[in-house]
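Summary of the model geometry
Chain residues, written in single-letter form:
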Amino acid sequence: MKKQFLLIILCSFFCLGASAQTIIKGTVVSKIDGMPIPGATIIPNDESSKGTTTDFDGNFTVNVATNSGVITVSYIGYKSTTLKYVEGSHLNIEMEEEINALEEVLLIGYGSAKKGDITSAIAKVENIETISSRPVTNFTDFLQGNLPGVTVLQQGGDPSAAGRIVIRGQGSLADESPLTVVDGVPYYGPPINPNDIKSVSVLKDAASAAIYGAQAASGVIVIETKNGIKGKPVVSVDMYTAFQSATNLPSALNAKQQADIYNLAADNSGKPRQSAHNATENPWGQVTRTDWVDEIFRDAPIYNANVNVSGASDNVNYLTSFNYNKKEGVLVGTQSERYSFRVKTDIDVTDKFTVGENVYYSSTEATGTNTSSGYSGTIINAIYMPSAAPVYDEQGEFHGVAPADLSQFAGAYGDVYNPMALLLRPTTTNPVNFINANVYGKYDILDGLSFKSSYSYNYTNTDYKRFVPRVPESGRTNEQNFLYQSYSNRKQWVWDNQLTYAKTFGSHNLNLTAIHSAQKVNYEYYYQEGRGFSNEGSFNQYMGNATEIRTPITEVYEDALTSAIGRLMYNFDSRYFISASIRRDETSRLATDNQSDYFPAASAGWNISNESFFNSNTINNLKLRASWGQIGNINSVGYYSFDVPLNTTQVILGENGSLDYKGVFVGRQSNPNLKWETSESIDFGLDAGFFKNSLTLTVDYFKKNTKGMIVPGLEDLHQGTSSADVNGGEVENKGWEFAVNYNKTLTNGLKFGVFANLSTLSNELINLDGYNESGVDYINHTDNVRGVLTPFRSEVGQGLYSYNLIPYAGIFQSQAEIDAHQKDGKLIQPNAVPGDFKFVDTNEDGKIDNDDKTFMGSYIPDLTYSFGFNLNYKGFDLNTLFQGVGSVEVFNAYKFSTYNAALQGYNLDNRVLNAWSPENTNTDIPRISTSDNNANFGNASSWYLENGSYLRLKNVTLGYTIPSQVMNKISASSTLRLFFSGENLFTITDYSGMDPEVGGNGLDVGRYPLSKTYSLGLSFSF
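Okay, so let's go over this structure. (Residues numbered from 1 in each chain as written. Predicted model: local features only at pLDDT ≥ 70, side-chain atom pairs only at ≥ 80, totals over all residues. Heavy atoms only, no water.)

**Quick word on the sheet that holds strand S41 (residues 778-780)**
Put simply, the test is: Here, any two strands with at least 2 DSSP bridges between them count as paired. Every helix listed is a DSSP run of H or I at least four residues long, and every strand listed is a run of E at least two residues long, numbered separately from the N terminus.
Strand order in this open sheet of four strands is S41-S42-S43-S48, and the pairing throughout is antiparallel. In this open sheet, the two strands that pair with only one neighbour each are S41 and strand S48 (854-855). Note: S41 against strand S42 (residues 792-795), three bridges, orientation antiparallel. Within S42, the residue paired with Tyr 778 across the bridge is Glu 795.

**Brief notes about the pairing of strand S11 (residues 150-153)**
Heads up, the condition is: Think of it in three bands: with a 1.4 Å probe and only protein chains considered, a residue is buried below 20% of the maximum accessible area for its type, exposed above 50%, and partly exposed in between.
Taking every second residue as pointing to the same face, both faces of S11 are buried, with Val 150 and Val 152 on one and Thr 151 and Leu 153 on the other. Direction of pairing for S11 relative to strand S12 (residues 164-167): antiparallel, over a ladder of four bridges. Bridge pairing in S12 links Val 150 to Ile 167.

**Describing unusual backbone geometry**
Phi at Lys 692 takes a positive value of approximately 60°, unusual for a residue other than glycine. On the secondary structure map, Lys 692 appears in the loop between strand S34 (677-690) and strand S35 (695-707). What makes Lys 692 exposed here is its relative accessible area of 79%. Despite not being glycine, Lys 874 shows a phi value in the positive range, around 50°. Inspection of the secondary structure puts Lys 874 in the loop between strand S49 (863-873) and strand S50 (876-886). Look at Lys 874 and you get exposed, because its relative accessible area is 62%.

**Side note on empty space enclosed by the protein**
Note the following rule: Throughout, the protein atoms alone are placed on a 1 Å grid, and a set of points is a cavity if a 1.4 Å probe fits but cannot get out or a pocket if it is open with protein on both sides within 12 Å along at least five of seven lines; lining residues have an atom within 4 Å of a point. Grid points are joined across faces, edges and corners, and a volume is the space filled by probe spheres set on the points. We call Asp, Glu, Lys and Arg charged. Ala, Val, Leu, Ile, Met, Phe, Trp, Tyr, Cys and Pro are nonpolar, and the rest, Gly among them, are polar.
Within the structure shown, the criterion is met by 10 cavities of 30 Å³ or more. Taken as a whole, the largest cavity spans an internal volume of roughly 200 Å³. In terms of lining residues, the largest cavity is bounded by 22 residues, among which Thr 151, Val 152, Gln 883, Val 885 and Tyr 950 are the most central. Sorting elements by how many residues they give to the lining of the largest cavity places S11 first, with four residues. Tallied by class, residues from the lining of the largest cavity come to 11 nonpolar, 10 polar and one charged.

**What about the sheet that holds strand S4 (residues 59-64)?**
Each strand in a sheet pairs with another by means of backbone hydrogen bonds, the pair being arranged parallel or else antiparallel. Here is the rule we go by: Axes here mean lines fitted to C-alpha atoms, for a helix over just the part in contact, with angles spanning 0 to 180 degrees between N-to-C directions.
The strand order S4-S1-S7 describes an open sheet built from three strands, whose pairing is mixed. Edge positions in the sheet fall to S4 and strand S7 (90-95), since each has one partner strand and no second. For this sheet, the mean angle separating the axes of adjacent strands, direction not counted, is 30°. As defined by bridge partners, strand S1 (residues 22-30) adjoins S4 across six bridges and the pair is classed as antiparallel. Across the sheet, the residue bridging to Lys 25 is Thr 61, located in S4.

Put into structure tokens, the structure is as follows:
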């Protein structure tokens, strides 16, 4: 009996052991950002009945019957994954996103659409999540090189300046800044915090941008900011520290070299040498005390910290972010600093009604320096300043070109500013406070029919104050001091009301949008200048202490714009697509008869790959697109161009009068017939995907014509006032755009991508009809170098701001060559001697003058391109970006005064040591002389023009994400990524200046260069 009882117990024990359960736990996160994935399905050993799902934190627990096996994890939008488990396992599972490229949602005007449904030229900025890994203070820096057809013209490295964005070429002489739209609302403030950005689309053609009407002629940048992710609150911290270093800097002559060069220059001109350069009379001038270029440049840090708190529940989505960014410039005394704050909330009040708000505040202050003037530019004065001069004198004051006891020699060195004084002496404050508050409500009226109303208010306040003390030291002495002070307030509201109907009827997909938009701007500006401060202490730098207060300058305007918009988007069976829109804009800037106009647009597409006859294992997507549209350009219209603007001034009245009466006069003629500029464009595009869309190709051909271009008319001298603006011409931009991407994941887990884009551009002024009645077919531009060189002209048949220069044909090596350069027996250059420039007499009139000028390209690049790759492997990621331009010219005006000994005795660039001499003939620098009888430097010639094409390693970023199993021991669901980034690491170029990206229209007199930047940072979330 006891044996039977024991047998029963043993059998029961083994049976219990056979049916025992093994518990497996784990966490599922996204491989992209490490965020938990709630609701992922967990299936053990293909037994669906025993499956479970992850909770809000991405955690799961599942009971299995065996000690080892496999589990399968799946979730919509991610690749399913199967992995092994053993008893006691805690699995940390990273899921890769699996996005069908055609299902990807892009931002469009007043909404969004699937990429596969788009028929116009809209491009999405890829890898936007890497923006936090690069030391960019604004989005413009990040955009450069990322999209075909979008050119960013950097304005040098000045921390107070931002790059200029040009989309598909320059079509106007007026403002062509693209419209920025943030979270569906036009945005008119300073650059937003880059860390707030979730996605960006660029609307490049009229069909896509026309829905934004008169403000969108130059394209639209549509930005969506980040929001919360459903689950517990997430705190994200992004930080980096960077260091900048300027490279390829010029060098000036040392003190002895300067004396020797000017003695040689005097000998070559046949003039007596100056005593300042005589070692016996002025031994002080033979000793080098300062390397001025090295003195004004420094290695400069950047600091950036960003914190955001976000989350979401079933009914509420929220995000709050704070950013601090400080960038010190590589030129001493220059910097920028920004504080910004955003709070964003969306609340589902009911199943049909949603409300939200988005408030952004920023406070910025930037101090730059002038590097664009041939007189007072900081960098060029570092070349001008004699190397013999120290920075400070014995009393600690800024030193002049010569010490006080040698003032008799000061004139030999020219009217030079101490460059350190230019940077450090003035006291400048320039805070800009900005707030943008947007509230909206959205109501789903019926199935597919919704109404949204949004109201946005922008307020910008600037408060500028700059005190410039006296300049007592020798050089460019000024015994006057100045206080410049201004403030401005800009208030703007935008109210949009939008009705949208989106419905699918079988194979028919319909989207209708109707919008009414209204906005108004109130602006006030006040400027005051004071002079003659008896005390320059900070306590006395106030306008009331000036002994002379100049007439203030004020500017006030109101600006209103109302618009009605309608759009239809339709596709049949995702094969045939049409889209059409029309917008009526009415502006206060034009006279009553011209205030309103209609701007239509249409596009169509054919997805060939969705046709039943199309069957290819190689080509997975093939779509043709075509679009046409017109947009008015309000940005080029002055606020009161149609009416007579009045100016005020101080006048003298009476026999013993003084400047104590105010006069009012007509400052400019008006034009009540002025109309919009109209931008009309066509676009033909192709989208293709190969090998399961791992390889994608986009090709576009575009042509954009700006008609009725607004330009200042020719002055009527009988009127005695400035001319009015007129609709005076047409500009055409056309070109090709190519973008290719290849992405692949290998079986060993290596994920890599390769990308490239290329754009061509042809810019031409088609006509100047309406510009004048005198038959003049060109516009002379006033951009100049020290009032001598005027290199730009816009002429029919040429590009805008083309270089118009006298051809340079080398250097005369002998008198025989000079004698051979003649016309009808007369010397073409009678003042030339060996070592002078030879110029081409293009019109064959026997002399060299401005009539010999010919057109020689422009600073607008004919070719822009970029390429790069990215790798991800076992937590490591590597991203690279190469960016370049081709067929672009730069006018190197730096050479005018730094190679030229015929000015005021300035120190020169040390490259003049390679100037022509009978013993040194293999050079392109003319002979050194204190006279310029042949106008070697005084002629605006092609000698100044250099190839500005370049290829730049724009960015390399290497990152490492700490494994989740390690981070979970610190804090559940936390992530940490460490990264190192390099910006502008090297540049391949033939340009001899500091940097080929000189900004503006390509005129370089020693512009603030871009810097190499190295940064180290982290991204942490918990």
